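Fold and contact review
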Amino acid sequence: MDGTNGSTTFTDSGPNALTVTPSGNAQISTAQSQFGGASAYLDGNGDYLTCSHATLFDFSGDFTIEGWYNFTTINQYQGYSILFCGIELNKIQLATVPGAIELYMGGFLFSYSIASSSFVNTWTHVALTRSGSTVKLWLNGVSVASGTRSTAIDVSGISIGSQQNNGIYFGYLNAYVDEFRITKGVARYTATFTPTGPFPNS
């Protein structure tokens with residue numbers, strides 16, 4: 001999420017160098033950042049990012065999906081504000097709803113109660129891991145919810161800030177997002193940790 005203010009170029013600095021496509025007014029902002037002086041800004045009105053690939057987003061084992069989020073407001077449409085999701089509905093989706101965060105992985109998996117204001121105007125590290133069949137949600141390095149799901153997740157891409165269903169987009173995120181990372185094959189967090197530093201560009 002690094003770059004110049006107002007830029008619509010989002011660079012995947014991982015080994016696959018995938019194309020990240022912005023929609024709406026999604027752009028780089030230097031107004032807020034957790035690391036590096038810039039972040040992605042999604043204004044809650046038609047903004048989101050997508051990254052697609054035919055096979056790289058097929059998760060049959062362990063994984064970690066994580067990022068830093070700083071909400072401007074909790075902008076709820078149809079009850080959801082999407083942190084990230086698979087492009088195919090309900091295969092994987094993490095979203096805030098009034099008073100909670102909910103995870104769907106091939107259907108509803110768990111809900112964690114939290115005040116929506118906890119995300120507003122503060123940076124929060126959010127991570128989702130699967131180790132074996134155990135799926136955990138981590139907030140600022142603390143495991144707050146868990147469930148069991150061993151089913152493979154086969155999606156054609158990841159969306160940050162919105163979900164699509166039958167051509168209709170909903171759940172637009174009104175937030176700054178920084179240091180978003182997907183790790184396939186590894187559950188990076190298995191015990192309480194302290195999130196520190198930017199992720200390496202490799």
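Let us look at the structure shown here. (Residues numbered from 1 in each chain as written. Predicted model: local features only at pLDDT ≥ 70, side-chain atom pairs only at ≥ 80, totals over all residues. Heavy atoms only, no water.)

Looking only at helices and strands, the protein has zero helices and 18 strands in total. Against the compact-globule benchmark of 17 Å for 202 residues, the protein has a radius of gyration of 15 Å, which places it among compact chains. With the C-alpha coordinates aligned to their principal axes, the bounding extent of the protein is approximately 40 × 40 × 35 Å. Scored against the burial criterion, the 202 residues of the protein give a buried share of 48%. Pairs at least 24 residues apart make up 65% of the contacts formed inside the protein by residues separated by at least 6 positions. Accessible surface computed for the protein: about 8600 Å², of which carbon and sulfur atoms make up 46%. (Helix = DSSP H or I, 4+ residues; strand = E, 2+ residues; numbered from the N terminus. Rg over C-alpha atoms; globule rule 2.2 N^0.38 Å. Buried < 20%, exposed > 50% of the residue type's maximum accessible area, 1.4 Å probe, protein only. Contact = heavy atoms within 4.5 Å. Areas by Shrake-Rupley, 256 points an atom, 1.4 Å probe, with all protein chains shown as cover.)

Our focus in this paragraph is the sheet that holds strand β8 (residues 93-97). Judged by pairing direction, the sheet is antiparallel, and its seven strands sit side by side in the order β1-β4-β15-β7-β8-β9-β10 without closing on themselves. The open sheet has two edge strands with one neighbour each: β1 (20-23) and β10 (108-113). The average undirected angle you get between the axes of adjacent strands in this sheet is 15°. Relative to strand β9 (residues 100-104), β8 is paired through five bridges, and the arrangement is antiparallel. The partner of Ala95 across the bridge, within β9, is Glu102. (Pairing = 2+ DSSP bridges. Axes fitted to C-alpha atoms, helices over the stretch in contact; angles between N-to-C directions.)

What the rule picks out here adds up to ten aromatic pairs. Each ring, one from Trp138 and one from Tyr189, has its centre 6.4 Å from the other, and the planes form 65°; the classification is edge-to-face. Of this pair, Trp138 sits in strand β12 (residues 134-139) while Tyr189 is found in the segment after β18 (174-184), placing the two residues 51 residues apart along the sequence. Following the ring pairs from residue to residue traces out a cluster consisting of Trp138, Tyr189 and Phe193. We note Arg181 situated over the ring of Phe199; from NZ or CZ to the ring centre the distance is 3.7 Å. (Phe/Tyr/Trp six-rings, centres within 6.5 Å; stacked < 30°, edge-to-face > 60°. Lys NZ or Arg CZ within 6 Å of the ring centre and 35° of its normal.)

Time to look at unusual backbone geometry. For Asn121, which is not glycine, the phi torsion reads 60° and is therefore positive. Tracing the backbone through its elements, the reader meets Asn121 in the loop between β10 and β11 (124-131). The backbone phi angle of Glu179 is positive, close to 50°, even though this residue is not glycine. Checked against the element boundaries, Glu179 lands in strand β18.

Moving on, we come to the sheet that holds β18. Judged by pairing direction, the sheet is antiparallel, and its seven strands sit side by side in the order β2-β3-β18-β6-β11-β12-β13 without closing on themselves. A strand with exactly one partner marks an edge of an open sheet, and here the two such strands are β2 (27-29) and β13 (142-148). On average, adjacent strands in this sheet sit at an angle of 30° to one another, irrespective of strand direction. In this structure, β11 lies alongside β12, joined through six bridges in antiparallel fashion. In the sheet register, Thr129 faces β12, and the bridge partner there is Lys136.

Here we come to the side chain of His125. Examined against the element boundaries, His125 turns out to sit in strand β11. Side chain to side chain, His125 and Glu66 meet in a polar contact 2.9 Å long. In contact with His125, other than residues within four places in its own chain, are Glu66, Gly67, Trp68, Trp138, Leu139, Asn140, Tyr189, Phe193, Pro195 and Phe199. (Polar contact = N/O pair within 3.5 Å; in protein donor to acceptor, adjacent residues only side chain to side chain.)

Pairing between side chains of opposite charge can happen when the charged atoms of each approach one another. This structure, assessed with the given rule, holds one salt bridge. Between Glu66 and Arg181 there is a salt bridge, with its nearest N and O atoms 2.9 Å apart. In this pair, Glu66 is assigned in strand β6 (residues 63-71) and Arg181 in strand β18, connecting sequence segments 115 residues apart. Taking relative accessible area as the criterion, Arg181 reaches 16% and is therefore assigned buried. (Salt bridge = Lys/Arg side-chain N within 4 Å of Asp/Glu carboxyl O.)

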